[in-house]
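Notes for the structure review
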Amino acid sequence: MTTVSSSQPAKPLSLGVIFLTLYIDLIGFSIFFPVGPAMLEWYVKKEAGGGVLSTLVNHLQALAHAAHASELATGALFAGALGSVYSLMQFIFSPIWGARSDRHGRRPILLFTIAGNALSYLLLFFSGSFILFFIGRLLAGIMGGNLAVAIAAVSDVTSRENRAKGMGIVGVAFGLGFLTGPVIGGLSASFNLLERWPGLAAWGVHPFSVPAAIAFGLCLINLLWINARFRETLPAEARGAASTTLRERNPLHSLFQQPDPAIRRVNVVGFVVTFGFSFFESVISFFTAEALHYSPRDLTLIFVNIGLVSIVTQGVLARRYVPKIGEKPSAVAGMSLIAFSFAGLGYAIGVAHSPPLMYLMLTLSTIGSGFANVALSSLVSLYAKPEEQGKVLGIYRSLGFLARALSPAVAGWLFFNSGGTLTFMIAGLVLFSASLLGTGLPRPTK
């Protein structure tokens, strides 16, 4: 059974627009990665006289000292807290946007949320105060829940047999976004508008406004492109008519009330996978700096390697082989490979101090992640009814955001108390448990 738009020629164009939407969203999300510590330092100095930021930083410094952690832990804890707030907003709003798109169509929800994203970056451009910066990131997290809508649109324009190929396009967008976002942010941050026009400070312009301006411009391009070229992928006759209460929009409530055990299980598996994998994102920079004395440039090369392998894996390998191997076997094999690679990373970095072995484990974990992500996303979509694609995918993505919100605190606590090797070993055990849970998933009907 295939859910399609009104005409066949719309399919390639719709996928192209969806790809651009995801790509730009993820550039905007990751563009501040390389400038986060410098931005925090600037805000702390600017608001040193008191206020919310000074109080938070003082408490975090006291916590780091009590845990016998380095001064770098303060910035890491603070950045993790900001990331958690962003992910929590996505957790809350992803099923809301998904369900609304099931009732009103994908196009109007995408237009609204992308316009909201543009507004968030405009706020960041003028965020001379930390409070305004925080509000901007809060709004970006709320509107960033539209990822579920874009992924539901992929389900609309692909057949059940080709669902994994469509999800592969999603993976390529993720890989490219996380590869180019930090590069754009790092390069553009060297352009400080205040050096040439110091009077702009009165309007809230700050030394890091240029990355925000680029993200704002990309959102405007995306908004204009969707408005001009995106053809609705969910026809009126395929939309759900029933409204949902706030309680029903709660992804945890929706998950436990879900009558289909396959959907419940794949959501739990997806949550555990994201929770375990986020250990890597939370501590890799500190682990390599501590054990291998890596500089920011060295760390950038790590993420470039991950991005390139992810693009090849999800854009070529997973799209080609997941349909042949099957979604369930691909997911289980991918999760098992991540588990093995994470244990290997802990040994390579913390015990062997071997960059070549570390890069081998990084490559294997990225390949495993690519197959697992494509296969699990495909399974969620295949288990769901056509009229519930947005809602069900929204719940799945929302639980992933919840995992990303919770994982940094656990990973950070483990790292600063037990070290990176044990942290990665535990992450490997978490991923192995996910692969065991995955063996109970039923094969989808196509």
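All residue numbers refer to positions counted from 1 along the written sequence of the respective chain. Residues qualify for local features only when their pLDDT is at least 70, as the model is predicted, and side-chain atom pairs are given and counted only at 80 or more; totals for whole chains, interfaces and linings, by contrast, use all residues. Excluded from the side-chain calculation are hydrogens and water; included are all heavy atoms of the structure.

Focus: the overall build of the protein
Rule in force here: Put simply, DSSP H or I for four residues or longer makes a helix, DSSP E for two residues or longer makes a strand, and each gets a number counted from the N terminus. When a residue's accessible area, from a 1.4 Å probe over protein chains only, is under 20% of the maximum for its type it is buried; when over 50% it is exposed; and in between it is partly exposed. Here, Shrake-Rupley sampling with a 1.4 Å probe gives the accessible areas, and only protein chains in the shown set may cover a residue.
Of regular secondary structure, the protein possesses 18 helices and zero strands. Within the protein, buried positions represent 55% of all 446 residues. Accessible surface, the protein as shown: approximately 18,500 Å² in total, 68% of it carbon and sulfur.

Quick word on the packing of helix H7 (residues 147-156) against helix H17 (residues 389-418)
As a reminder, the rule being used: Geometry is summarised by axes, namely lines fitted to C-alpha atoms with helices restricted to the contacting stretch, and by angles between N-to-C directions that run from 0 to 180 degrees. What sets the label is the angle itself: under 35 degrees gives roughly parallel, over 145 gives roughly antiparallel, 65 to 115 gives roughly perpendicular, and the rest give oblique. Note on convention: near helix rotated counterclockwise from far helix by under a right angle means a left-handed crossing. Clockwise means right-handed. Whether two residues are in contact is decided by their heavy atoms, any of which lying within 4.5 Å being enough. Side-chain classes follow a simple rule in which Ala, Val, Leu, Ile, Met, Phe, Trp, Tyr, Cys and Pro form the nonpolar group, Asp, Glu, Lys and Arg form the charged group, and the remainder, Gly included, forms the polar group.
Two elements in contact, H7 and H17, have axes whose closest approach is 8 Å; the angle formed by their N-to-C orientations is 135°. Classed by the angle they form, the pair H7 and H17 counts as oblique. Two packed elements cross with a definite hand, and for H7 against H17 that hand is right-handed. Of the residues in H17, those in contact with Leu 147, Ala 148, Ile 151, Ala 152 and Ser 155 of H7 are Gln 389, Gly 390, Leu 393, Gly 394, Arg 397 and Phe 401. Of the residues assigned to the contact of H7 with H17, the class counts are six nonpolar, four polar and one charged.

Side note on the packing of aromatic side chains
As a reminder, the rule being used: Here a Phe, Tyr or Trp ring, Trp counted by its six-membered ring, pairs with any other such ring whose centre lies within 6.5 Å, and the pair is stacked when the planes are under 30 degrees apart, edge-to-face when over 60, and tilted otherwise.
This structure, assessed with the given rule, holds 15 aromatic pairs. On the basis of an interplanar angle of 35° and a centroid distance of 6.5 Å, the ring pair of Phe 130 and Phe 134 is categorised as tilted. On the criterion of helical spacing, the pair formed by Phe 130 and Phe 134 is a turn pair, its members being four residues apart in helix H6 (residues 130-143). Residue class for Phe 130 comes out buried when judged on its relative accessible area of 4%. Judged by centre distance (6.0 Å) and plane angle (45°), the ring pair of Phe 277 and Phe 280 falls under tilted. Here Phe 280 and Phe 277 lie together in helix H13 (residues 261-292), a separation of three residues that amounts to about one turn. Phe 280 carries the same exposure label as Phe 277, and that label is buried. Each residue in the set Phe 277, Phe 280, Phe 287, Phe 342, Phe 415 and Phe 424 is aromatic and connected to the rest through ring pairs, giving one cluster.

Details of the nonpolar core
Here is the rule we go by: The criterion is simple. A nonpolar core is a set of buried Ala, Val, Leu, Ile, Met, Phe, Trp, Tyr and Cys residues joined through side-chain atoms within 4.5 Å.
In terms of nonpolar packing, the biggest core is built from 91 residues, with Phe 342, Leu 345, Met 358 and Leu 376 touching the most fellow members. The residues contacting Met 358, other than those within four sequence positions of it, are Thr 288, Leu 292, Tyr 294, Ile 302, Leu 345, Ala 348 and Ile 349. Core analysis: the next-biggest nonpolar cluster, separate from the first, contains 18 residues, Tyr 43, Leu 124, Phe 125 and Val 205 among them.

Topic: a nonpolar patch on the surface
Our working definition: Patches here are clusters of residues that have more than 30% relative accessible area and form no salt bridge, with a 9 Å joining cutoff for like charges and a 5 Å cutoff for nonpolar side chains (Val, Leu, Ile, Met, Phe, Trp, Tyr). By definition here, a salt bridge exists when the distance from a side-chain nitrogen of Lys or Arg to a carboxyl oxygen of Asp or Glu is within 4 Å.
A cluster of nonpolar side chains, namely Leu 119, Leu 122, Phe 126 and Trp 203, defines an oily patch on the protein surface of about 410 Å² accessible area. For Phe 126, a relative accessible area of 32% puts it in the partly exposed group.

Digging into unusual backbone geometry
One non-glycine residue with positive phi stands out, namely His 353, at about 50°. Within the secondary structure layout, His 353 lies in the loop between helix H15 (327-350) and helix H16 (355-383). Its relative accessible area of 43% is what places His 353 among the partly exposed residues.

Overview of the pattern of salt bridges
Per the stated rule, a full pass over the model turns up two salt bridges. Of the charged contacts, one joins Asp 102 and Arg 106 as a salt bridge, the two residues approaching to 2.9 Å between their closest N and O atoms. Like Asp 102, the residue Arg 106 is buried in the burial classification. A salt bridge links Asp 156 to Arg 106; the shortest N-O distance between them is 2.7 Å. With Asp 156 in helix H7 and Arg 106 in helix H5 (residues 106-125), this pair connects stretches of sequence that are 50 residues apart.

A look at H17
Here is the rule: Under the convention used throughout, the expected extent of a helix is 1.5 Å for every residue step, that is, one less than its residue count. Bend at a residue means the angle formed by two fitted axes: the first through the 7 residues ending at that position, the second through the 7 residues beginning there.
With 30 residues, H17 extends 42 Å from end C-alpha to end C-alpha; this agrees with the ideal 44 Å at 1.5 Å per step. The largest bend in H17 amounts to roughly 30° and is located at Ser 407, with the proline Pro 408 lying one to four residues further along. Following H17 by one or two positions, Gly 419 has its phi on the positive side, about 95°.

Notes on the confidence of the model for the protein
The test is simple: In predicted models, pLDDT denotes the confidence assigned by the predictor to each residue on a 0 to 100 scale.
Of the residues in the protein, 83% reach a pLDDT of 70 or more, and the chain-wide mean stands at 80. Low pLDDT, under 50, characterises residues 1-13; the predicted model gives this stretch 22 contacts beyond four residues in sequence or across chains.

A short note on H7
Among the 10 residues of H7, 10 are classified as buried, and the element is accordingly described as predominantly covered. For H7, every residue scored as buried is listed here: Leu 147, Ala 148, Val 149, Ala 150, Ile 151, Ala 152, Ala 153, Val 154, Ser 155 and Asp 156.

Comments concerning the environment of Cys 219
Here Cys 219 shows up in helix H10 (residues 209-229). The exposure class assigned to Cys 219 is buried, which follows from its relative accessible area of 2%. Separated by 195 residues in the primary sequence, Cys 219 and Ile 24 have C-alpha atoms spaced 6.9 Å apart. In this structure Cys 219 touches Ile 24, Ile 114, Asn 117, Ala 118 and Tyr 121, once residues within four positions along its chain are discounted.

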